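Residue-level structure breakdown
Single-letter residue listing:
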Amino acid sequence: MGRIEESVEVAAPLDEVYGQWVRCEDFPQFMRGVVSVDVSGPGSSSWVVGTAGGRREFEAVTTEVVEGERVAWDGGAGEVRHSGVVTFHHVDDRTTRVMLQLEIEPHGIWEHLAEALGFVDRRVIDDLNDFKHHVERAAAGPQGD
């Protein structure tokens, strides 16, 4: 199982950044790696993501929530076996650091190769940057468009 750790600083207050993250059903609107998210109940959601091996589907279950600080989940035992935690850190009144730790077990030869070549890490970095830009545009309001 591979471990990915990435972080990004977002030019927005912590409560806004956290609020955007927990609305994961909006991720497909701005994250290139997320095809769809269906929140199926409290603490559970169905995901379709684009991977090196094609589209993958999985059920995620939230395993821990500390309001404004931390969200952890388990991606189940499907084709995309993974778990993760994202934490939110106050840098200053207008900046939040988002830290993501992801444990992922590649499925199939293409995903093993993609992980070995760093493509999985690159996808995570791109998705975190997509999140950052989305939140910063929202925080800037209509004048930022």
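Residues numbered from 1 in each chain as written. Predicted model: local features only at pLDDT ≥ 70, side-chain atom pairs only at ≥ 80, totals over all residues. Heavy atoms only, no water.

Moving on, we get to the overall build of the chain. Looking only at helices and strands, one finds 3 helices and 7 strands in the chain. Ordered by position from N to C terminus, the α and β elements of the chain give β-α-β-β-β-β-β-β-α-α. The proportion of buried residues among the 145 residues of the chain is 39%. Contacts spanning at least 24 positions in sequence make up 47% of the contacts within the chain whose residues lie at least 6 apart. (Helix = DSSP H or I, 4+ residues; strand = E, 2+ residues; numbered from the N terminus. Buried < 20%, exposed > 50% of the residue type's maximum accessible area, 1.4 Å probe, protein only. Contact = heavy atoms within 4.5 Å.)

So, on to the pairing of strand 7 (residues 95-105). The pairing of strand 1 (residues 2-10) with strand 7 spans 9 bridges and is classified as antiparallel. Following the sheet pairing, E6 is matched in strand 7 by L100. Relative to strand 7, strand 6 (residues 81-92) runs antiparallel, the two being bridged by 11 bridges. Following the sheet pairing, V86 is matched in strand 7 by L100. (Pairing = 2+ DSSP bridges.)

Counting 30 residues, the largest nonpolar core has F27, W47, V98 and F131 as its most contacted members. With residues near it in sequence (within four places) discarded, W47 still touches C24, F27, V34, S36, V37, R56, E57, F58 and A60. (Core = buried A, V, L, I, M, F, W, Y, C linked by side-chain atoms within 4.5 Å.)

Applying the stated rule across the entire model yields 9 aromatic pairs. With centroids separated by 5.2 Å and ring planes inclined at 65 degrees, the aromatic side chains of W21 and F27 adopt a geometry described as edge-to-face. Ring geometry for F27 and F30: centres 5.8 Å apart, planes at 70 degrees, overall edge-to-face. The two residues F27 and F30 agree in class, both being buried. (Phe/Tyr/Trp six-rings, centres within 6.5 Å; stacked < 30°, edge-to-face > 60°.)

Looking now at the side chain of Q20. Its place among the elements puts Q20 in helix 1 (residues 14-21). Not counting residues up to four positions away in its chain, the partners in contact with Q20 are F27, F131, H134, V135 and A138.

Let's shift gears to the pattern of salt bridges. Summed over the entire model, instances satisfying the criterion amount to 7 salt bridges. Across the salt bridge formed by R23 and D26, the nearest N and O atoms sit 3.8 Å from each other. For R23, a relative accessible area of 35% gives the class partly exposed. Given a relative accessible area of 21%, D26 falls into the partly exposed group. Salt-bridge contacts for K132 lead to E136; the nearest nitrogen and oxygen are separated by 2.8 Å. Here K132 and its partner E136 are both found in helix 3 (residues 119-140), 4 residues apart, which amounts to about one turn of the helix. On the basis of relative accessible area, K132 is assigned to the buried category, the value being 18%. A single network of salt bridges, built from pairs that share partners, joins R3, E5 and E103. (Salt bridge = Lys/Arg side-chain N within 4 Å of Asp/Glu carboxyl O.)

This prediction gives the chain a mean pLDDT of 84; 81% of its residues lie at or above 70. Summarising per-element confidence for the chain, the mean pLDDT is lowest in helix 2 (residues 108-116) (46) and highest in helix 1 (96). (pLDDT = per-residue confidence, 0-100.)

Bringing the pairing of strand 5 (residues 70-74) into the picture now. In terms of strand pairing, strand 4 (residues 54-66) meets strand 5 through 5 bridges, oriented antiparallel. Bridge pairing links V66 to R70 in strand 5. Between strand 4 and the antiparallel strand that follows it, strand 5, lie 3 residues; G68 among them carries a positive phi value of about 75 degrees. Where strand 5 lies against strand 6, 5 bridges are found, and the strand directions are antiparallel. By the bridge assignment, D74 is partnered in strand 6 with S83.

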